[in-house]
There are 2 protein chains.
Amino acid sequence: MPNSPQHLHDVLVHLRRIIRATDLQSKRVVKACGLTIPQIMVLRSIEALGDVTVRKISDSVSLSQATVTTILNRLEDRKYVERVRAQKDKRIVNARLTESGLEILKTTPPLLHEKFIDEFESLEGWEQTQVLSSLQRIAMMMDAENLDAAPLLDINSPDSLA
Amino acid sequence: MPNSPQHLHDVLVHLRRIIRATDLQSKRVVKACGLTIPQIMVLRSIEALGDVTVRKISDSVSLSQATVTTILNRLEDRKYVERVRAQKDKRIVNARLTESGLEILKTTPPLLHEKFIDEFESLEGWEQTQVLSSLQRIAMMMDAENLDAAPLLDINSPDSLA
DNA sequence: TCAAAAAAGTTACAGCTCAAAGTATATAGG
DNA sequence: CCTATATACTTTGAGCTGTAACTTTTTTGA
């Protein structure tokens, strides 16, 4: 007999801790290289996908279009990114890395901290797999509500951010 | 041979999705009852702990003291919470639920959406346990960096939020 | 052809989040 | 007693985040 209410409560508690830890890691990364994790993810996404629309970045990093716009604003202010309007369809804006953008990207540390990486790598293969699949399961269950509204995402879209 | 780099990347991707889903759920909850998830967590924490200091709330909900202060500001503006300065030690501020605070708390929906709850409860007991322990593992590994700096937290502090 | 609908982005707004600096109070050591 | 340190909290400043409303451009259908 699973004690679901208690387990659900615990799920929430752990999720909150994870979210907080992610945030703290982002502050640490800022100190190291001057960029936040979301900024780095956007830059990497542009690097991986080449000249790319805001929509595609937004899908690839799992952030709303509006959020990506504000992140791009900051990156453009700092000259790490250029926006180029497409000739063909003038609604479309393509983001492109500048030289400095490419440079700064080389200085960025791993997005998960060293201790995490060490610990994770010290796990047995099957343990890594188990942790990963649990995480995936949670992610899918949490996304359920949203996927309904927007059913058919492009499953083949490249996912090569972090 | 575990493929750690790939696994690490996947961990990050899933974490981002989870964080986003949490955010979206918070917006959904706002529409339902006018309070965000962090606000509800703070209210519940006060309900559970009685008159309670900002520091204790902050520990119990895994948010910084500064964040709790801003959340309390909003809750106080809306008369859900009162701040009472301690007689003995005037540095200390105790938060207390008002009548309306207690009322509104009764109207708050579950903090994880229905589909999540259904799906989670439909898992076998051992699966729930596995998911939970993976989550706990991730949370602990991600926290490692922070626990170092502030080693001795009060392990016995009540955890009865969400 | 041309108005209506759709699509891509941006803006406005409100809340969350933290570190660091600031304020007020309490405690400890000389 | 009185200064130095520590504690409890608040303020400040900056970035992240999403929804809803908006602009511009394209597509669709009568």
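Now for a look at the structure at hand. Computed from a predicted structure; not experimentally measured. Starting from 1, residues in each chain are numbered consecutively following that chain's sequence as written. Lettering of chains starts at A and numbering of ligands starts at 1, both following the order in which they are written. Only residues with pLDDT of at least 70 get local features here, since the model is predicted, and only at 80 or more are side-chain atom pairs given and counted; chain-wide, interface and lining totals rely on the full set of residues. Only hydrogens and water are set aside; all other atoms, that is, all heavy atoms of the structure, feed into the side-chain values.

A few points about the pairing of strand β3 (residues 93-97) of chain A
Residues and elements named next belong to chain A. Our working definition: Each residue is assigned to one of three classes by its accessible area relative to the maximum for its type, calculated with a 1.4 Å probe on protein chains only: buried under 20%, partly exposed between the two thresholds, exposed over 50%. Think of it this way: any DSSP run of H or I at least four residues long counts as a helix, any run of E at least two long counts as a strand, and we number them from the N terminus. By the convention used here, strands pair only if DSSP detects at least 2 bridges between them.
Counting buried positions over the 5 residues of β3 gives 4, a clear majority of the element. As judged from the 2 bridges shared by strand β1 (residues 52-53) and β3, these two strands associate in the antiparallel manner. Note that in β3 the partner of threonine 53 across the bridge is asparagine 94. Note that strand β2 (residues 81-85) and β3 share 5 bridges and pair antiparallel.

Here's the deal with the interface of chain A and chain B
By a frequent convention, interface size equals the accessible area lost on bringing the separate parts together. Selection rule: By definition in these notes, contact holds between two residues if any of their heavy atoms fall within 4.5 Å. As used here, buried area is the combined drop in accessible area, with a 1.4 Å probe, of two parts when they are placed together. By convention in these notes, a salt bridge is any Lys or Arg side-chain nitrogen within 4 Å of a carboxyl oxygen on Asp or Glu. Residue type decides the class: Asp, Glu, Lys and Arg count as charged, Ala, Val, Leu, Ile, Met, Phe, Trp, Tyr, Cys and Pro as nonpolar, and the leftover types, Gly among them, as polar.
Contacts between the two partners involve 60 residues from chain A, matched on the other side by 60 residues from chain B. For chain A, the biggest contributors to the area lost against chain B are Arg16, Met141 and Met142 of chain A; these three give 11% of the whole. There are 2 salt bridges connecting chain A and chain B. A salt bridge links arginine 137 of chain A to glutamate 127 of chain B; its shortest N-O distance comes to 3.1 Å. Of all the elements in the fold, those that place two or more residues in the side of chain A that touches chain B are α1 (4-33), α2 (37-49), α6 (114-122) and α7 (125-149) of chain A. Here the element with the most residues in the side of chain A that touches chain B is α7 of chain A; it accounts for 20 residues. Counted by class, the side of chain A that touches chain B contains 30 nonpolar, 16 polar and 14 charged residues.

Thoughts on the sheet that holds strand β1 (residues 52-53) of chain B
Residues and elements named next belong to chain B. This is how it is decided: The convention used is that axes are lines fitted to C-alpha atoms, helices contributing only their stretch in contact, and that angles between N-to-C directions extend from 0 to 180 degrees.
The 3 strands lie next to each other as β1-β3-β2, forming an open sheet whose pairing is antiparallel. Here the strands that pair on one side only, and so sit at the sheet edges, are β1 and β2 (81-85). Where helix α4 (residues 65-77) meets the sheet, its contacts fall on β2 and β3 (93-97), and the angle it forms with β2 comes to roughly 115°.

A few points about the relation of the copies chain A and chain B
Using the following cut-off: Superposition of the copies used a least-squares fit over C-alpha atoms from residues whose pLDDT is at least 70 in both.
Each copy superposes on the other: chain A lies on chain B with an RMSD of 0.1 Å after a rotation of 180° and an axial shift of 0.0 Å. Read as a symmetry element, the transformation amounts to a two-fold axis. Taken together, the interface assignments show that 100% of the residues at the interface of chain A recur at the interface of chain B, consistent with an identical surface on both copies.

As for helix α6 (residues 114-122) of chain B
Residues and elements named next belong to chain B. Just so we agree on the cut-off: As used here, the arc is the angular range of directions from the helix axis to the C-beta atoms.
Those residues of α6 that sit buried are Phe116, Ile117 and Phe120. The buried residues of α6 occupy an angular sector of 95° when projected down its axis, which confines them to one face. Projecting away from the buried face of α6 at angles above 90 degrees are the exposed residues Glu114 and Ser122.

Description of helix α5 (residues 99-106) of chain A
Residues and elements named next belong to chain A. Note the cut-off: Polar contacts, as counted here, are pairs of nitrogen or oxygen atoms within 3.5 Å of one another; within protein the pair requires one atom able to donate a hydrogen and one able to accept it, and residues that are adjacent in sequence qualify only if both atoms are side-chain atoms.
All buried positions along α5 are accounted for by Gly101, Ile104 and Leu105. Axial view of α5: buried residues confined to an arc of 105°, hence all on one face. Across α5 from its buried face, at more than 90 degrees, point the exposed residues Glu99 and Lys106. Residue threonine 98 occupies the N-cap position of α5, its side-chain oxygen lying 3.4 Å from the main-chain nitrogen of serine 100.

Observations concerning the protein's contact with DNA strand D
Using the following cut-off: One heavy atom suffices: a residue is near a molecule or strand as soon as one of its heavy atoms comes within 4 Å of it.
Near DNA strand D you find 31 residues, and of these Thr36, Thr67 and Arg74 of chain A together with Arg20 and Thr69 of chain B are the closest. Counting only atoms of DNA strand D within 4 Å of the protein, the sugar-phosphate share comes to 79%. One of the side-chain N or O atoms of glutamine 39 of chain A is found 3.4 Å from a phosphate oxygen in DNA strand D. Looking at the surface near DNA strand D, the elements with two or more residues in it are α2 and α4 (65-77) of chain A together with α1 (4-33), α3 (54-61) and α4 of chain B. Top contributing element to the surface near DNA strand D by residue count: α1 of chain B, with 6 residues. Considered class by class, the residues forming the surface near DNA strand D number 9 nonpolar, 9 polar and 13 charged.

A short note on the sheet that holds β2 of chain A
All names here are of chain A. Strand order in the open sheet formed by 3 strands is β1-β3-β2, with antiparallel pairing between adjacent strands. Two strands in the sheet have a free side with no partner beyond their single neighbour: β1 and β2. The sheet contacts of α4 involve β2 and β3, and relative to β2 the element is tilted by about 115°.

Overview of the packing of helix α2 (residues 37-49) of chain B against α4 of chain B
Residue and element names in this part refer to chain B. Let me state the cut-off plainly: To sort the angles, those under 35 degrees are grouped as roughly parallel, those over 145 as roughly antiparallel, those from 65 to 115 as roughly perpendicular, and the leftovers as oblique.
Two elements in contact, α2 and α4, have axes separated by 10 Å at closest approach and are oriented at 85°. Between α2 and α4, the crossing angle belongs to the class labelled roughly perpendicular. Counting all contacts with α2, which are made through Pro38, Gln39, Val42, Leu43 and Ile46, the residues of α4 involved are Ile71, Leu72, Arg74 and Leu75. A class-by-class count of the residues in the contact of α2 with α4 yields 7 nonpolar, 1 polar and 1 charged.

Some thoughts on the pattern of salt bridges
Considering all chains together, one arrives at 12 salt bridges over all chains under this definition. Across the salt bridge formed by arginine 96 of chain A and aspartate 51 of chain A, the nearest N and O atoms sit 2.8 Å from each other. Here arginine 96 of chain A, found in strand β3, pairs with aspartate 51 of chain A, found in the loop between α2 and β1; they are 45 residues apart in sequence, far enough to count as distant. Taking the shortest distance from any N to any O, the salt bridge between lysine 106 of chain B and glutamate 103 of chain B comes out at 3.5 Å. Highlighted residues: lysine 106 of chain B and glutamate 103 of chain B, both in helix α5 (residues 99-106), separated by 3 residues, approximately one helical turn.

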